[in-house]
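# Structure assessment
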Amino acid sequence: MGLIRFVSWTRTATTDGAAASGARMDVAQYYLDGNADAVEFCPHYSSYHILAAATYTLQEGVQSNRSGSISLFSVGIDTGLKLLYHVETAGVFDIKWNPDGTNMHPLLAQADADGYLRLHGLGCSPEVSEGKGVLKEVSGEKISSAMCLCLDWNPSSTSVSVGLSDGSISVVTVGEAELQPTQAWKAHEFELWAASFDTHQPQLLYTGSDDCRLSCWDLRESTPNPVFQNSKTHKMGVCCITKSPTNSNVLLTGSYDEFLRVWDVRSVSKPVNESSTCLGGGVWRIKHHPELSGLVLAACMHNGFAVARAEGDRLEVLETYNKNESLAYGADWQRGFCMMKNGTQRGSLVATCSFYDRLLRIWLPESQMVK
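These notes cover the structure that comes with them.

Definitions and limits used
- Residues numbered from 1 in each chain as written.
- Predicted model: local features only at pLDDT ≥ 70, side-chain atom pairs only at ≥ 80, totals over all residues.
- Heavy atoms only, no water.
- Helix = DSSP H or I, 4+ residues; strand = E, 2+ residues; numbered from the N terminus.
- Buried < 20%, exposed > 50% of the residue type's maximum accessible area, 1.4 Å probe, protein only.
- Contact = heavy atoms within 4.5 Å.
- Salt bridge = Lys/Arg side-chain N within 4 Å of Asp/Glu carboxyl O.
- Phe/Tyr/Trp six-rings, centres within 6.5 Å; stacked < 30°, edge-to-face > 60°.
- Lys NZ or Arg CZ within 6 Å of the ring centre and 35° of its normal.
- Polar contact = N/O pair within 3.5 Å; in protein donor to acceptor, adjacent residues only side chain to side chain.
- Pairing = 2+ DSSP bridges.
- Axes fitted to C-alpha atoms, helices over the stretch in contact; angles between N-to-C directions.
- Core = buried A, V, L, I, M, F, W, Y, C linked by side-chain atoms within 4.5 Å.

## Looking at the overall build of the protein
On a plain count of helices and strands, the protein comes out with zero helices and 29 strands. A total of 371 residues make up the protein; the buried ones form 60% of that total. A fraction of 50% describes how many contacts in the protein between residues 6 or more apart in sequence connect residues 24 or more apart.

## Topic: the pattern of salt bridges
Counted under the stated rule, the structure contains 16 salt bridges. Ionic pairing is found between Arg 220 and Asp 218, a salt bridge with its closest N-O pair at 2.9 Å. Residue classification places Asp 218 among the buried residues on the basis of a relative accessible area of 12%.

## Description of the packing of aromatic side chains
By convention here, two paired aromatic rings are described through the distance between centres and the angle between planes. What the rule picks out here adds up to 12 aromatic pairs. Feature note: the residues Tyr 56, Phe 93, Trp 193, Tyr 256, Trp 284, Tyr 329, Phe 355 and Tyr 356 constitute an aromatic cluster, connected by ring pairs. The cationic tip of Arg 118 hangs over the ring face of Tyr 116; the distance from NZ or CZ to the ring centre is 4.1 Å.

## Brief notes about the environment of Arg 220
Inspection of the secondary structure assignment puts Arg 220 in the loop between strand E17 (214-218) and strand E18 (226-230). Judged by relative accessible area, Arg 220 falls into the exposed class, the value being 64%. It is 8.4 Å that separates the C-alpha atoms of Arg 220 and Leu 204, two residues lying 16 residues apart in sequence. Within the structure, the side chain of Arg 220 is placed 2.9 Å from the side chain of Asp 218, a separation counted as a polar contact.

## Description of the sheet that holds strand E9 (residues 116-123)
Pairing is antiparallel in the open sheet, where four strands are placed in the order E7-E8-E9-E10. The open sheet has two free edges, formed respectively by strand E7 (92-97) and strand E10 (134-142), since each of these has just one partner strand. When strand polarity is set aside, the average angle formed by the axes of neighbouring strands in this sheet is 25 degrees. Note that strand E8 (residues 107-112) and E9 share five bridges and pair antiparallel. Within the sheet, the bridge partner assigned to Leu 107 lies in E9 and is Gly 121.

## Here's the deal with the environment of Ala 308
Mapping Ala 308 onto the fold places it in strand E25 (residues 305-311). Judged by its relative accessible area of 5%, Ala 308 is buried. Residues Ala 308 and Glu 319 lie 11 residues apart in sequence; the distance between their C-alpha atoms is 7.0 Å. Apart from residues lying up to four places away in sequence, Ala 308 is in contact with Leu 260, Gly 294, Leu 295, Val 296, Glu 316, Val 317 and Leu 318.

## Notes on the sheet that holds strand E15 (residues 192-197)
The four strands are arranged E15-E16-E17-E18 in an open sheet whose pairing can be described as antiparallel. Looking at the sheet topology across the chains shown, the edges are occupied by E15 and E18. Strand-to-strand twist of the sheet, defined as the mean angle between neighbouring strand axes without regard to direction, takes the value 15 degrees. Note that E15 and strand E16 (residues 204-209) share five bridges and pair antiparallel. Within the sheet, the bridge partner assigned to Ser 196 lies in E16 and is Tyr 206.

## Side note on the nonpolar core
Looking at soluble globular proteins, one finds that nonpolar side chains tend to be buried together. Core analysis: the biggest nonpolar cluster contains 21 residues, and Leu 51, Phe 73, Val 75, Leu 81, Leu 349, Leu 360 and Ile 362 have the highest contact counts within it. Of all elements in the fold, only strand E2 (25-31), strand E3 (36-41), strand E4 (50-59), strand E5 (65-76), strand E28 (350-354) and strand E29 (359-364) reach the threshold of two or more residues within this core. Here this core takes four residues from E2, the largest share from any one element. What Leu 360 contacts, discounting residues up to four positions off in sequence, is Ala 28, Gln 29, Tyr 30, Leu 32, Val 39, Leu 51, Ala 53, Phe 73, Leu 81, Ala 351, Thr 352 and Cys 353.

## So, unusual backbone geometry
With a phi angle near 80 degrees, Glu 258 is a residue other than glycine that sits in the positive phi range. For Glu 258, a relative accessible area of 29% gives the class partly exposed. For Arg 358, which is not glycine, the phi dihedral falls at a positive 60 degrees. As for its position among the elements, Arg 358 is in the loop between E28 and E29.

Shown next, in the form of structure tokens:
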């Protein structure tokens, strides 16, 4: 298992022109049992303290093996990281909790190397501190002989989109007792790394792939046709796509070409900001701040993590974080603001993880602290 280390306050200078005011707080770190590639805080109000972390480890040989795990932690600014639960699985490429506000219990979806979509319910156990922290698989479905690389919940938690290593996309209906694939089609030529529902128009699904193409599909058609496709802007594969939760016209994309881009979905021939912002590493994951509009967290593969502000057609890097010493893959904000012992309200904690060093870190960015 892992080794937990608690670390104290550090005042950190930012780089490359980022703002250099305030102090960053490093809270805790933990070494996972495999190559770390995804972290997700639970968005359900009663479980904001719950963090899931996933791993993917390729063991090469005559018969290669892709193994993985999911670990649950309790996270707090004063308590740091507390391991609650651990389960071994197939190699995990992506995990996501179902959205809050859907009258459903917390469910963690898993996309794995065996071609399965699995749903785990968050349960209780008297042996677990704070009474929460057990994952129990409630359903699973073999989606394809190809690997499941990414997933996303629609806003009502009634379906999950799954991107596959053969360039296909599958939409799976979530029922009370089973998962039911309802739509599947060949969406891209190469690996499909991003599949994201439009949070304002959930009948629309955005996809991105190693073929450098950004596509949008209308799910109301039995065999979806592209609403639009852009294959000219991204110079390398599209890694992540996310819709702004507060502006129905704004879409963000990240690419291996190291650029974070802002799009106005009313005109997708080019990004709103043509120059976009280079983050110095492939932009693998983008997460919007749950409370502060326009603030985003990005995992930048070869260049650590960045906090940026997206306002209109402007993108500004506020802060960088490079204490993970391997490929920066997983990143997420904790819901709710931290309250310090002296009564000062601060911003949201961040969880980040990096691949080969297997390191999970919890820290408090200075650029989103509440004054």
